[in-house]
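Next come the chains, spelled out residue by residue.
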Amino acid sequence: MNRRVLVTGGNRGIGLATARRFLLSGDTVAVTYRSTPPPENVPGIRCDVTDTTSVDQAVAEYEERFGPVEVLVANAGITVDRLIVRMSEEEFLSVLNTNLAGVFRAAKRVSMGMMKARWGRMVFISSVGAFFGAPGQANYAATKAGLVGFARSLAWEFGTRNITANVVSPGLIDTDMTRDLNQKRIDLLLSITPLGVMGEPDDVAHVVRFVASEEARYVTGAVIPVSGGLAMGQ
Ligand code: NDP
């Protein structure tokens, strides 16, 4: 079934792969971007998820162009890695503002349309770091773990209206974000990844696409790892 999909932070990486996956399925898709627009065949809407007005305007623009959002993929995220003794409050809060409050802003704004339609899918991109933690990522891991409680609360709030809220939790995926990691860290993570290799953005995209499908109607409040087995069981 053709659905209207909005992917935040979809000009590159996992968000772009996810948008392309939905487009290939015949869905109507737009992604948000901050400064660099997505490739030509992917519709883009400018949005900074740290700014409520910007999120509200982006969703309003989406609604004007395509109609109400039926599937939200809240993917935009950042890392600002620093050991806690050196991490400033600003560095802590900036990650919270993007990765957690940014998801709140988008989910709140699209929820009205979903409630009216009595159908919706919210998919939040977390990380295995939510459960595993990582030195230097207290801010990041806190936000990614926070998304689990957030999704599960929305699962309760919206369940009777056929709106599901799920978390997809990637492991080590080959994007700009992991290109910043040093090789020692990558080797360590791969040594505890049963599949032994990094994932591709499309590996995550396939799972997001499924969670947003009609076939996944009975899946809500779930945390679905796409991690090659990294941090399994956590
Ligand atoms: P990238 O760094 O490649 O992409 C991040 C995306 O988020 C970009 O589109 C970026 O936009 C956008 N973004 C960042 N801040 C904002 C903001 N304030 N407002 C709007 N958009 C913003 O990362 P990935 O594709 O790897 O990551 C996507 C998601 O997956 C993130 O939530 C990340 O935490 C998560 N994840 C990634 C893993 C990995 O191994 N790659 C592992 C686990 C989770 P812009 O281009 O403007 O900067």
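Keep in mind that what you see is a predicted model, and the values were worked out from it rather than measured.

> Would you explain the sheet that holds strand β4 (residues 71-74) in this entry?
Within a sheet, each strand pairs with its neighbour through backbone hydrogen bonds, oriented either parallel or antiparallel. Ordered in space as β3-β2-β1-β4-β5-β6-β7, the seven strands form an open sheet in which the pairing is parallel. The open sheet has two edge strands, β3 (44-46) and β7 (223-226), and neither has a second partner. For this sheet, the mean inter-axis angle between neighbouring strands, taken without regard to orientation, is 20 degrees. The pairing of β4 with strand β5 (residues 120-125) spans four bridges and is classified as parallel. Following the sheet pairing, V73 is matched in β5 by V123. Packed on one face of the sheet, helix α3 (residues 89-117) meets β4, β5 and β6 (163-170) and runs near 170 degrees to β5.

> Could you clarify how one ought to interpret the packing of aromatic side chains in this entry?
What the rule picks out here adds up to two aromatic pairs. Judged by centre distance (4.9 Å) and plane angle (55 degrees), the ring pair of Y62 and F66 falls under tilted. Of this pair, Y62 and F66 are both found in helix α2 (residues 52-66), four residues apart, which corresponds to roughly one turn of the helix. Of the residues examined, Y62 reaches a relative accessible area of 0% and is grouped as buried. According to the relative accessible area criterion, F66 is partly exposed, its value standing at 25%. Look at F124 and F150: their rings are 5.4 Å apart centre to centre, the planes differ by 50 degrees, and that puts the pair in the tilted class. Taken as a pair, F124 in strand β5 and F150 in helix α5 (residues 138-158) lie far apart in primary sequence, 26 residues in all. F150 shares its class with F124; the two are buried. A cation sits over an aromatic face here: R3 above W119, 3.5 Å from the ring centre.

> Hey, could you run me through the nonpolar core in this one?
As a rule of thumb, nonpolar side chains are buried together in soluble globular proteins. In terms of nonpolar packing, the biggest core is built from 29 residues, with L72, M122, F124 and L154 touching the most fellow members. Mapped by element, the contributors of at least two residues to this core are α2, β4, α3, β5, α5 and β6. Residue contacts for L154: discarding those within four places in its chain leaves A107, M122, F124, G159 and A165.

> When you look at the pairing of β4 in this model, what are you seeing that I'm missing?
Of the two faces of β4, the one lined by V71 and V73 and the one lined by L72 and A74 are each fully buried. Here three bridges tie strand β1 (residues 4-7) to β4, and the two strands are oriented parallel to one another. Looking at β4, one finds that L6 is bridged to L72. Handedness of the crossover is the feature at issue here: the chain leaves β4, passes through α3, returns alongside β5, and the resulting connection is right-handed.

> What exactly am I supposed to notice about the site of the ligand here?
Taken together, 28 residues lie around the ligand, and N11, R34, N75, Y140 and T175 are the ones closest in. In this structure, N11 approaches the ligand through a side-chain N or O atom, which is 2.5 Å from an oxygen atom. Between a nitrogen atom of the ligand and a main-chain N or O atom of V49, the distance comes to 2.9 Å. Relative to its unbound accessible surface of 890 Å², the ligand loses 95% to contact with the protein. With respect to the pocket detection grid, the ligand is positioned in the largest pocket. Looking at the shell around the ligand, the elements with two or more residues in it are α1 (13-24), α5 and α6 (176-179). A total of three residues in the shell around the ligand trace back to one element, the largest contributor, which is α6. Residues that form the shell around the ligand fall into these classes: 11 nonpolar, 12 polar and five charged.

The rules we used
Residues numbered from 1 in each chain as written. Predicted model: local features only at pLDDT ≥ 70, side-chain atom pairs only at ≥ 80, totals over all residues. Heavy atoms only, no water. Pairing = 2+ DSSP bridges. Helix = DSSP H or I, 4+ residues; strand = E, 2+ residues; numbered from the N terminus. Axes fitted to C-alpha atoms, helices over the stretch in contact; angles between N-to-C directions. Contact = heavy atoms within 4.5 Å. Phe/Tyr/Trp six-rings, centres within 6.5 Å; stacked < 30°, edge-to-face > 60°. Buried < 20%, exposed > 50% of the residue type's maximum accessible area, 1.4 Å probe, protein only. Lys NZ or Arg CZ within 6 Å of the ring centre and 35° of its normal. Core = buried A, V, L, I, M, F, W, Y, C linked by side-chain atoms within 4.5 Å. Right-handed = clockwise from strand over helix to strand, strands pointing away. Near = heavy atom within 4 Å. Polar contact = N/O pair within 3.5 Å; in protein donor to acceptor, adjacent residues only side chain to side chain. Areas by Shrake-Rupley, 256 points an atom, 1.4 Å probe, with all protein chains shown as cover. 1 Å grid on protein atoms, 1.4 Å probe; cavity = no way out; pocket = protein on both sides within 12 Å on 5 of 7 lines; lining within 4 Å. Sits in = over half its atoms within 2 Å of the grid points. Nonpolar A, V, L, I, M, F, W, Y, C, P; charged D, E, K, R; others polar.

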